[in-house]
Amino acid sequence: MKCRGLAVLVLLAAPAVRADDFVPEPAPAHGLPFTVHAAAFVGDGLRFNDPYRLATVLGASAEEVSRTASYVDLAAGVTLGDPRAFQNGFSLHLSIAAEGIQQTILAPSYVLYRRFRDVAAYGRVATPIVCTPDVTWGVEGALGGIWFVRAGLGLTAELVGDLFYGAGTREVSAAAYPVLSAQIGIALAYEVIP
């Protein structure tokens, strides 16, 4: 009996709580914002220091500048961080020659990406691995930009510089082959903000 009376007293003394008095606290943000990227490019380039291999010679002799095979480049990656600031991430590029000797190159890359409303700019550094016809590797640097025609769909262009190590010649036991390429394509970006 005393307990009932005490409960009634507590209920009467407690201030009335209305539904609009209850404002839930925002749920804490879980996870880091990130952006998923995908792109498809077509490209072509100039190969330096490549005697006797390519048919399209642009210089005075085969020992000068030659045109590379045109190629298709498929890319996918992710960048982490606030989409309104610089994002760091990685991407994987798969390049396949579209003419001449079948050549496949896989390029895991570090990416620095920044979007500004309808345009984005990025740079990447990679270690390209030539998988076919002969296995070798190199170093790569690229600068690119995207113009977003829709929220996540854009037109992209990239300038790529490579230095590949390959089979030697009679004059050089281990030759280095510089390549400068340009590629254009379509890019997709999907931002996830937890």
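Summarised in this report is the structure supplied together with it.

**Here we look at the overall build of the protein chain**
Piece 1. Along the protein chain, the regular secondary structure elements total one helix and ten strands.
Piece 2. Secondary structure of the protein chain in N-to-C order comes out as α-β-β-β-β-β-β-β-β-β-β.
Piece 3. Looking at the protein chain as a whole, 31% of its 194 residues qualify as buried.
Piece 4. In the protein chain, once contacts between residues fewer than 6 apart in sequence are set aside, the share between residues at least 24 apart is 52%.
Piece 5. Accessible surface computed for the protein chain: about 12,500 Å², of which carbon and sulfur atoms make up 69%.

**Comments concerning the pattern of salt bridges**
Piece 1. Tallied over the entire structure, the rule returns six salt bridges.
Piece 2. Put simply, Asp82 and Arg84 hold a salt bridge, and the shortest N to O gap is 3.1 Å.
Piece 3. For Asp82, a relative accessible area of 31% gives the class partly exposed.
Piece 4. On the basis of relative accessible area, Arg84 is assigned to the exposed category, the value being 65%.
Piece 5. Among the salt bridges present, the one from Arg124 reaches Glu158, with a minimum N-O distance of 2.7 Å.

**Observations concerning the nonpolar core**
Piece 1. Core analysis: the biggest nonpolar cluster contains eleven residues, these being Ala39, Phe41, Ala75, Val111, Tyr113, Ala120, Tyr122, Ile146, Phe148, Ala187 and Ala189.
Piece 2. Excluding residues that lie within four positions of it along the chain, Ala39 makes contacts with Asp73, Leu74, Ala75, Ile186 and Ala187.

**Quick word on the packing of aromatic side chains**
Piece 1. Following the criterion strictly, the structure yields one aromatic pair and no others.
Piece 2. Centroid distance Trp137 to Tyr165: 5.1 Å. Interplanar angle 40 degrees. Geometry classified as tilted. Separated by 28 residues along the polypeptide, Trp137 in strand β8 (residues 136–148) and Tyr165 in strand β9 (residues 153–167) bring together distant segments of the chain.
Piece 3. The class for Trp137 is partly exposed, based on a relative accessible area of 45%.

**Considerations on unusual backbone geometry**
When glycine is set aside, most residues are seen to have a negative phi, and most peptide bonds are trans.
Piece 1. For the peptide bond that leads from Thr132 to Pro133, omega is 0 degrees, which places it in the cis range.
Piece 2. For Pro133, the location among the structural elements is in the loop between β7 (129–132) and β8.
Piece 3. Backbone geometry at Arg117 places phi at a positive 50 degrees, although glycine is not the residue there.
Piece 4. With respect to the secondary-structure elements, Arg117 resides in the loop between β5 (104–116) and β6 (119–126).

**Some thoughts on the pairing of β8**
Piece 1. Of the strand pairs in this sheet, β6 and β8 are connected by eight bridges, and their pairing is antiparallel. Within β8, the residue paired with Gly123 across the bridge is Leu143.
Piece 2. Pairing analysis gives two bridges linking β7 to β8, with the strands arranged antiparallel. Each bridged residue has a counterpart across the sheet, and for Ile129 the counterpart in β8 is Trp137.

**Comments concerning the pairing of strand β4 (residues 87–97)**
Piece 1. Only one face of β4 is buried: it carries Gln87, Gly89, Ser91, His93, Ser95 and Ala97, and the other face, with Asn88, Phe90, Leu92, Leu94 and Ile96, is open.
Piece 2. Linking two consecutive strands that pair antiparallel, namely strand β3 (residues 71–80) and β4, is a turn of six residues; a positive phi of about 120 degrees is found at Gly81 within it.
Piece 3. Bridge count for β4 against β5 is ten bridges, and the pairing is antiparallel. Residue pairing for β5: Gln87 is matched across the bridge by Tyr113.
Piece 4. Counting the residues between successive antiparallel strands, the hairpin from β4 to β5 contains six residues, one of them, Gly100, with a positive phi of roughly 70 degrees.

**Quick look at the environment of Gly144**
Piece 1. With respect to the secondary-structure elements, Gly144 resides in strand β8.
Piece 2. C-alpha of Gly144 to C-alpha of Ala120: the two residues are 24 residues apart in sequence and 8.4 Å apart in space.
Piece 3. Excluding residues within four positions of it along the chain, Gly144 makes contact with Ala120, Ala121, Tyr122, Ala157 and Glu158.

Reading the values: rules and limits
- Residues numbered from 1 in each chain as written.
- Predicted model: local features only at pLDDT ≥ 70, side-chain atom pairs only at ≥ 80, totals over all residues.
- Heavy atoms only, no water.
- Helix = DSSP H or I, 4+ residues; strand = E, 2+ residues; numbered from the N terminus.
- Buried < 20%, exposed > 50% of the residue type's maximum accessible area, 1.4 Å probe, protein only.
- Contact = heavy atoms within 4.5 Å.
- Areas by Shrake-Rupley, 256 points an atom, 1.4 Å probe, with all protein chains shown as cover.
- Salt bridge = Lys/Arg side-chain N within 4 Å of Asp/Glu carboxyl O.
- Core = buried A, V, L, I, M, F, W, Y, C linked by side-chain atoms within 4.5 Å.
- Phe/Tyr/Trp six-rings, centres within 6.5 Å; stacked < 30°, edge-to-face > 60°.
- Pairing = 2+ DSSP bridges.

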